[in-house]
Amino acid sequence: MSNSLIEQFIIESRDYLQRIEEILITLEESGEDKNLLNELFRFVHTLKGNSGLFNFPSMTKLLHVSEDLMNFVREGTISYSSEIADILLEAMDIVSMMIDEIEDSGLLSHSLIQSAEEKAKEIKEKFLRSTEKREPEIKEKSEKKEQIVEKIFDFSIIPEEFRMRAVKEALEGKQIILVLYSPEAECFYKGEDPLYLVRNTPELIWARCYLREEIADPSLMDIYQCITNFELLSSASKEELSEHFKYVLDQVKFIDIEYSTLIIPEGEKNGGPVYEDFISDARKYVKENNIAIFKNATKALIDLSSPKLYFTSILRWIELLIDYLPKTKNIIEALLQSLETMSPPVFSFEKEPVLTQKKEEKTEFPDEFLKILNSQKIVLEKLNSVEDNLMKSNILKSIISSIENGLISLKKPEILNEFKKISKKISPEDFNLLKEWIEIKCSFSLPSEKTKEIVSPEVTFTNAEQQITEKEVSLLHTVSKVLKVDEIKIDRLMNLIGEFVVAKNSLSYLAQKADNVYGIQELSKELKAQYSVLNRISEEMQDAIMQIRMVPVSTVFQRFPRLVRDLSKKLNKKVRLIIEGEETEADKNVIEALAEPLIHIVRNSLDHGIEPPEERIAKGKPETGTIILKAKHEADSVVIEVIDDGRGIDPKKVKLKAYQKGLITEEHLEKMKDEEAVNLIFLPGFSTAESATDLSGRGVGMDVVRTAVEKFGGSVRVQSALDKGTTITLSLPLSMAVSHVMIIESAGEKYGVPIESVVETVRVSKQRIKTVKGKMTTVLRNKVIPLFYLNDLLEIKKSQTTNEEGEYAVLVLSIKGELIGIVVDKFHGTADIILKPFTGFLTNMKIFSGTAIMGDGSVLLVINPKELIYASKIQK
Amino acid sequence: MPVKFKNNVAKFTDLLSIEDAETLFNWFIKKKKPKIDLSKLNHLHTACLQLLLIFKPKIIALPEQKDLKMFFNAWEET
C-alpha cells in the first residue's frame, strides 16, 4: 500500500469528519433538513468507502453502522434526536482517534478497535434493532427462497477448477457467495454494462452469462433490451459485494454457499481400476493424521489414472482437502465412501431440502416474465408522449413481440392465443386494450407481496436518477480548486526564499565592492540595477508564500460548536454560540497557536461565566446565554475576542482569592484598582471556582492561556463587568515568519531585539545612573527604571561604551508590563528578518530566540528579552 | 473499427462498445455460419455479448484475457 495513498486518506478523512460533525450539530439545532441529511450520508458513505481501501475493518464497520443509522434518519424511519447526534458524534470521535493513530503508527491499537466495535454494537442495539424488526420477515422469506435456489442452482455447471478454487478460499476462512444478477431490460439505456460490472466484481472466482428469454426469431429482436443474466461466485464479503453492486441492488441476489455443495466429483464412472487398498489406507492415514504420506499417495494415484474418470475427480478433491485436515475429515470420509459405492457423496451436515412445493404456490407467471410485462408497461406509458405514428407502431410491435416470445417460451398456448387476439386490435392510436391486458395480468398474478416488486423498476429508475444527481453533487465537491499541500513543503519553500533573500542582498555588497575595491563603476551600476529587479521579485515571492500559509481562523473556530454543545449539555446550561469573522486569515502557525488558549477561554466562559438558566432568569437575563467568538484584523495582528454575557468577574473576590493564595500582598489588596484586579486571573495557580470541575477550574487555565499567547509574541487582555459579562481579547501577530527586530551593538557584536518589547531608546548620561542597594537605576520621566548592562547579562567581560558626550545608549523594554533599561553600545535601526530557532545543543540557550542571516552573510543573534532578564535574576 | 469482417469470420479487437452492436447484429442476420475470433478482445459490451449468445457463432479463438475467456468457456460447454 502506498504511503501517499494513506496520507491522502488521512487528510481527506479529517475534512470529512469535520464536515460530518458540523452537519450533525447543525441538524440538531435547525431540525431535519433533507439536503443536509443527504450530504451527511454522502460524507459518511465516502468515508466508509475510503476506509475500505485499507485494512481497518473495525473502522469500516463502525462507519457502516453509522451510515445505516443515518440512512434510516434520511428515510424518515427514525427521527433525528440529540441522542442520535450524541452517539454519532461519539462514533465519529472514535474514527477521528483511529485516524490519529493511523497517522502516528500506521496501525490501530487494540483498545481503540475494541471501543469501535463496542460503539458499533451500541448503535446496532439501540437504533438499528427496532428497524430490523420488519426485516426478519422479509429475510425469512428470502432465506427460504435462497434454499430453493440453492437446490435449484446446479453447481455442476461450474467447471471443477473454479469450484476447487472456491472451496479452497472457503477453507481459508472466506464466505463464498453466489450472486445472481438479472440486469433490467432497460439497463443499456442507462449506460450500464452488466458484463463490465460482473468482470470487476471483487474476488471474482467464476462467472457465466446466459439468456433469460428464448428468442424465437432473432431478426425481430430488440438488440438494446438486455435479456442476459449473470451468475457468479465470489469470495468477497457481502458488504463489498453490496457496495460493488450498489446501483443495481434490486437486480442482484446474494446467496451464501456452503462449500461442501461445490464438491461434486464428476467424470466417467465406468472403467478404471478401483484401488480398494487406497480407500482403507486413506482412512488409516486420516486416523493417524499422516498427512504427508496421504497426500503423496493421492498424488501418485492421480498421476496414474485418467483425468476423465469419476475416481480421479474424487482423488483431486481429496488432494485439495488434505491440506485442511482435520476440519475436512468428514468430507474426505464421504468422498471415500462415494468411491466405494460410486454414488455421489453425501455430506452429513448438508442441509435438508426444504419447501420445494413453495414454487407451485407461486404466481401464474414466473418473476422473469412479470419483469418483462412490467417493463413493457413502462414503455407503453411513455408511448403517449411519442408523436411519430411510425415510431409508435414500431415500438408497439416490439412490445407485442416480446410479450409473445415470453408466452411462447412459457408454453402457455391459451394465454398466447388470447394475447394474439388482443394484439390484432391494437393500433398506434388506440393501445389501451394492450395496456389493460398487461395491467390485469400483472395484478392478477401478483399476490400482495409481489406488488412491491412490480413497482420496483419505476422506483429504481428514480433511485438511479437520484444517485446520479448525488454523484454529480459529490463530483462538484471533489472538483474544487483547492490544492492540498503538505506543510513541510511550504516550509521548505519558505526557507529557500529566506536563503534567496540573503543571496540577493549579497549583490548590493558586491556592487559596492566593484566600485570601491576594483573601481569599475559601470559594473557596479549594472549590478545595482539587477539587484533592484531581484529585490522586487523576492519581495513578491515572499509575499506569495505568506499568502499560502495564511489560513482562516475558521479552522480553529469550527471545533467550538461541538465543544459548546457538549459542555453546555454536561453543565445543564443553555448557551448559544455566535461566530463572527471566521474568514479572517492569519499564518497557519498563529492559528494553530490560538487553538489551545481559545479552548481554555471558552471553557472558562461556559463553566464560570454563563449562569445556569434559573439564575439567569432570576437576574432578568435571557435564559439562554451567549458566547461570541469574534475575529478581526488590527494592523499587523489578528485579534480574537471571546465575549460572554455571564456573571462577569468579581474584582473583590479575585483580589481576596489572590491574597489568600499568597499571590499578592495585603498592600496590593488595598490599593489595586478593579481593572487591574481582573487581570489577576492570569496569575499562575489562580482559580475562583469553588470546586474544580472536569472542565476547568484547576487553576491552570488562564495562566496557560497567557503563556501560550506570549510564546507567539501575542498578548491577552480581559475586561469584565459584574453580572454583565466578560470579554477576553487575544492579540497575535499575523505572521510569525518574518520578525521585526531592532539591531543593537554591544562589545563589537550585533544583536537583534524583537521590536514588540522595545518601548523606546534613550541616551542616559553616566551621572543620571544611581546605584540603589547595588542595583543600577535611572529616573526616566519621573519613573524609576532598573538598568542592566547587556555585556553583564551576556557574560561578556567588557564594559559598555558611551558616546562622545558620555551618554549610554539605553534600550527601554517592556517585560510583563514592567519597564527595564538595557545599556548597549550602539543602536543600528530596525530590520525584517526570518528568524530561525536554535536546533540541537543550542536549543537550551533560551536567552536567544534564534538567529537570522543578514544580507552581508553575517549571523544575527536575536535576544529573547524576557529570558534574558530572568536568567540574570537567577544568576544573582 | 473494433470488428473486422472477413467472409464468415468476425475478428474482434480491443473493445466493443454498444455502438458496435447494430453492425454486429446486421452481420449475424446475413451470415448463415458465422465464426468469431476473440483472441485480441479485451472487453465487449453486454449488448454485443448478448448477440453472441443469441446467434451462437462458432468461436475459432477464445479471448486471451482469462476472466473474459471464462464466459465463453462456460457457454461452449452448455
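Since we're looking at a predicted model, the values are computed, not measured.

Along the backbone of chain A there are 31 helices and 22 strands. Counting every position in chain A, which comprises 876 residues, the buried fraction comes to 45%. Put simply, 69% of the contacts in chain A that link residues at least 6 apart link residues at least 24 apart. Carbon and sulfur atoms form 53% of the exposed surface of chain A, whose accessible area is close to 47,000 Å².

Before going further, it helps to examine the interface of chain A and chain B. Across the contact, 29 residues belong to chain A and 24 residues belong to chain B. Counting each side, the surface lost to burial between chain A and chain B is near 2,300 Å², with a carbon and sulfur contribution of 70%. When the buried area of chain A at its contact with chain B is split by residue, Leu195(A), Arg199(A) and Ile223(A) rank highest and sum to 29% of it. Inspection of the chain A/chain B interface yields 11 residue pairs in polar contact (both at pLDDT 80 or more). Looking at the side of chain A that touches chain B, the elements with two or more residues in it are α8 (194-199), β2 (204-211) and β3 (228-234) of chain A. Counting residues per element, the side of chain A that touches chain B draws most heavily on β2(A), which supplies 8 residues.

This next bit is on the packing of aromatic side chains. Within the structure shown, the criterion is met by 14 aromatic pairs over all chains. Among the aromatic side chains, those forming a connected cluster through ring pairs are Tyr181(A), Phe230(A), Phe245(A), Phe254(A) and Phe71(B). Positioned above the aromatic ring of Phe41(A) is the side chain of Arg74(A), whose terminal nitrogen or guanidinium carbon lies 3.8 Å from the ring centre.

All names here are of chain A. At a minimum axis distance of 9 Å, the contact between helix α10 (residues 276-288) and helix α11 (residues 291-304) shows a crossing angle of 155 degrees. In this view, α10 runs roughly antiparallel relative to α11, as classed from their interaxial angle. Helix-helix and strand crossings are classified by hand; for α10 and α11 the assignment is left-handed. Of the residues in α11, those touching α10 at Phe278, Ala282, Tyr285 and Val286 are Ile293, Phe294, Ala297, Thr298 and Leu301.

Our focus in this paragraph is helix α13 (residues 329-341) of chain A. Residues and elements named next belong to chain A. With 13 residues, α13 should reach 18 Å at 1.5 Å per residue; the first-to-last C-alpha distance of 19 Å fits that figure. All of the buried residues in α13 are Ile331, Ile332, Ala334, Leu335, Leu336, Ser338 and Leu339. Positive phi shows up at Met342, right after α13, with a value of about 60 degrees.

Quick look at the sheet that holds β3(A) now. Residue and element names in this part refer to chain A. What the 4 strands build is an open sheet, ordered β2-β3-β1-β4; its pairing is antiparallel. Here the strands that pair on one side only, and so sit at the sheet edges, are β2 and β4 (252-257). This sheet shows a mean twist of 15 degrees between the axes of neighbouring strands, independent of strand direction. Note: strand β1 (residues 176-181) against β3, 5 bridges, orientation antiparallel. Bridging from a neighbouring strand, Tyr181 pairs with Phe230 of β3.

Let's shift gears to the sheet that holds strand β16 (residues 775-780) of chain A. All names here are of chain A. The sheet built from 6 strands is open, its strands ordered β14-β18-β19-β17-β16-β15 with mixed pairing. Only two strands of the sheet have a single neighbouring strand rather than two, namely β14 (758-765) and β15 (770-772). Recorded for the sheet is a direction-independent mean angle of 40 degrees between the axes of neighbouring strands. Here β15 runs beside β16; their pairing, made up of 3 bridges, is antiparallel. The residue of β16 that forms the bridge with Val772 is Lys775.

Here we come to a positive patch on the surface. Residues and elements named next belong to chain A. On the surface, Lys420, Lys421, Lys424 and Lys425 cluster together into a patch of positive charge. As for its position among the elements, Lys424 is in helix α17 (residues 413-424). With a relative accessible area of 72%, Lys424 lands in the exposed category.

Criteria and cut-off values
- Residues numbered from 1 in each chain as written.
- Chains lettered and ligands numbered in written order.
- Predicted model: local features only at pLDDT ≥ 70, side-chain atom pairs only at ≥ 80, totals over all residues.
- Heavy atoms only, no water.
- Helix = DSSP H or I, 4+ residues; strand = E, 2+ residues; numbered from the N terminus.
- Buried < 20%, exposed > 50% of the residue type's maximum accessible area, 1.4 Å probe, protein only.
- Contact = heavy atoms within 4.5 Å.
- Areas by Shrake-Rupley, 256 points an atom, 1.4 Å probe, with all protein chains shown as cover.
- Buried area = accessible area lost by both parts, 1.4 Å probe.
- Polar contact = N/O pair within 3.5 Å; in protein donor to acceptor, adjacent residues only side chain to side chain.
- Phe/Tyr/Trp six-rings, centres within 6.5 Å; stacked < 30°, edge-to-face > 60°.
- Lys NZ or Arg CZ within 6 Å of the ring centre and 35° of its normal.
- Axes fitted to C-alpha atoms, helices over the stretch in contact; angles between N-to-C directions.
- Parallel < 35°, antiparallel > 145°, perpendicular 65-115°, else oblique.
- Left-handed = near helix turned anticlockwise from the far one by under 90°.
- Expected span 1.5 Å × (residues − 1).
- Pairing = 2+ DSSP bridges.
- Patch = residues over 30% accessible without salt bridge, like charges linked within 9 Å, V, L, I, M, F, W, Y side chains within 5 Å.
- Salt bridge = Lys/Arg side-chain N within 4 Å of Asp/Glu carboxyl O.
- Lys, Arg positive; Asp, Glu negative; His and termini not counted.
- Charge placed at Lys NZ, Arg CZ, Asp CG, Glu CD.

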